[in-house]
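Structural description and commentary
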Amino acid sequence: MVGDIDTRRSRRRRSAGRMLLVALLVAAGAAVVFHRSRAGPADSSVWSDEFDGPANTAPDSTRWAHNTGGTGWGNNELEYYTDSTTNAALDGAGHLVITARRENPAGYACHYGRCEYTSARLLTAGRFSRAYGRFEARIKLPRGQGLWPAFWMLSDDPRTGGEIDVMENVGSEPGTVHGSLHGPGYSGDNGLTSPFTLPAAAALADDFHVFAVDWSPAAITWFVDGTAYSRKTPADAGGKEWVFNYPFFMVLNVAVGGTWPGPPAIDTPLPQAMIVDYVRVHSNF
């Protein structure tokens, strides 16, 4: 889809903070973890998490690490990311549930004072990273003003400054997701981005949807439920360095507030959860 891309993106500031964060993350290099996949060609599956396990248990620590803290993450976010099962846990039915809450029983401190919200941010840094392939997740998004769920990827090498946003959503746009690239000279307001909006005023929180990118040396293509809506190539970088030829790791999170979505409204229903059915990586597509 096209239209008002620059206007939409002018509200989005988080990529600069993300890139600074890469240098603080655990260096990648752990062995690739193989796991069964419920669908897709068996010979192309290189990594997956189906989130099978007992209810109220933590996600698999051999696949996922946690970022923790309430620094604002470069975007003036309002949440404190915890490693507690209160904010990220399996539900016993094959899902990972990342829950944003309007509470702070542990008394966490944020950049603005005592934190008002908690949530979780999970990443595969140090566990799994890869260049090229299909990266996909089946997710049911939360709803409400001020919420900012995302499925995205960062380069293992902080010198490249690369970021692939497979899916971002803000609560004020209940039926729209954004797919973006960020690199040197095209980050922040200048990122390469396109939106996708569900038909018939449907909301992403009403059902599960599959968000994916097909990533090759020549191009990156974005999909929602199998529909391709954006394709970017090195030519779109306008002569700037194309930094998408290195291994990237994956991130799942639900931010609360921030420069782009703004704060939750008084009537924003909380807690709200992002429910992840699976995350899969295939070597071909």
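Residues numbered from 1 in each chain as written. Predicted model: local features only at pLDDT ≥ 70, side-chain atom pairs only at ≥ 80, totals over all residues. Heavy atoms only, no water.

Once that is clear, we can look at the nonpolar core. Soluble globular proteins tend to bury their nonpolar side chains together. In this structure, Ile 139, Ile 164, Phe 244, Leu 252 and Val 279 are the most contacted members of the largest nonpolar core, which totals 52 residues. If one sorts the elements of this core by residue count, strand β18 (residues 248-256) sits on top with five residues. Non-local contacts of Leu 252, meaning those with residues more than four positions away in its chain, are made with Trp 64, Leu 96, Ile 98, Ala 120, Arg 121, Leu 122, Ile 139, Ala 150, Phe 151, Met 274, Val 276 and Val 279. The next biggest cluster of nonpolar side chains, apart from the first, holds eight residues, and it includes Ala 65, Leu 154, Phe 249 and Val 251. (Core = buried A, V, L, I, M, F, W, Y, C linked by side-chain atoms within 4.5 Å. Buried < 20%, exposed > 50% of the residue type's maximum accessible area, 1.4 Å probe, protein only. Helix = DSSP H or I, 4+ residues; strand = E, 2+ residues; numbered from the N terminus. Contact = heavy atoms within 4.5 Å.)

Before going further, it helps to spend a moment on the pattern of salt bridges. Any two side chains of opposite charge can pair, on the condition that their charged atoms come close. Counted by the stated rule, this structure contains five salt bridges. In this structure, Asp 60 engages Arg 63 in a salt bridge whose closest nitrogen and oxygen atoms are separated by 2.4 Å. Judged by its relative accessible area of 26%, Asp 60 falls in the partly exposed class. Among the ionic pairs, Arg 134 bridges to Asp 214, the shortest N-O distance being 2.5 Å. One end of the pair, Arg 134, is in strand β10 (residues 133-140); the other, Asp 214, is in strand β15 (residues 209-215), and 80 residues separate them in sequence. (Salt bridge = Lys/Arg side-chain N within 4 Å of Asp/Glu carboxyl O.)

Summed over all chains, the structure comprises twelve aromatic pairs. Their ring planes at 25 degrees and their centres at 5.2 Å tell us that Trp 47 and Phe 128 sit as a pair that is stacked. Of this pair, Trp 47 sits in strand β1 (residues 45-49) while Phe 128 is found in the loop between β9 (121-123) and β10, placing the two residues 81 residues apart along the sequence. By relative accessible area, which is 3% here, Phe 128 ends up buried. Between Trp 148 and Trp 260, the ring centres sit 5.7 Å apart and the planes meet at 85 degrees, which makes this aromatic pair edge-to-face. (Phe/Tyr/Trp six-rings, centres within 6.5 Å; stacked < 30°, edge-to-face > 60°.)

Looking now at the pairing of β10. Inspection of the sheet shows β10 paired to β15 by seven bridges, in the antiparallel sense. Bridge pairing in β15 places Phe 135 opposite Val 213. Here seven bridges tie β10 to strand β19 (residues 272-282), and the two strands are oriented antiparallel to one another. Residue pairing across strands places Glu 136 opposite Arg 280, the latter belonging to β19. (Pairing = 2+ DSSP bridges.)

Glancing now at the sheet that holds strand β11 (residues 147-155). Sheet architecture is open: seven strands sit in the order β2-β9-β18-β11-β12-β13-β14, paired in antiparallel fashion. Edge strands, defined here as strands with exactly one partner in the open sheet, are β2 (65-67) and β14 (192-197). Shown here is a sheet whose adjacent strand axes are inclined to one another by a mean of 20 degrees, direction ignored. Sheet analysis places β2 next to β9, joined by three bridges and oriented antiparallel. (Axes fitted to C-alpha atoms, helices over the stretch in contact; angles between N-to-C directions.)

For the rest of this paragraph, the subject is unusual backbone geometry. With an omega dihedral of 5 degrees, the bond running from Leu 270 to Pro 271 counts as a cis peptide bond. With respect to the helices and strands, Pro 271 occurs in the loop between β18 and β19. In this model, Phe 51 sits at a positive phi of 60 degrees, which is unusual for a non-glycine residue. As for its position among the elements, Phe 51 is in the loop between β1 and β2.

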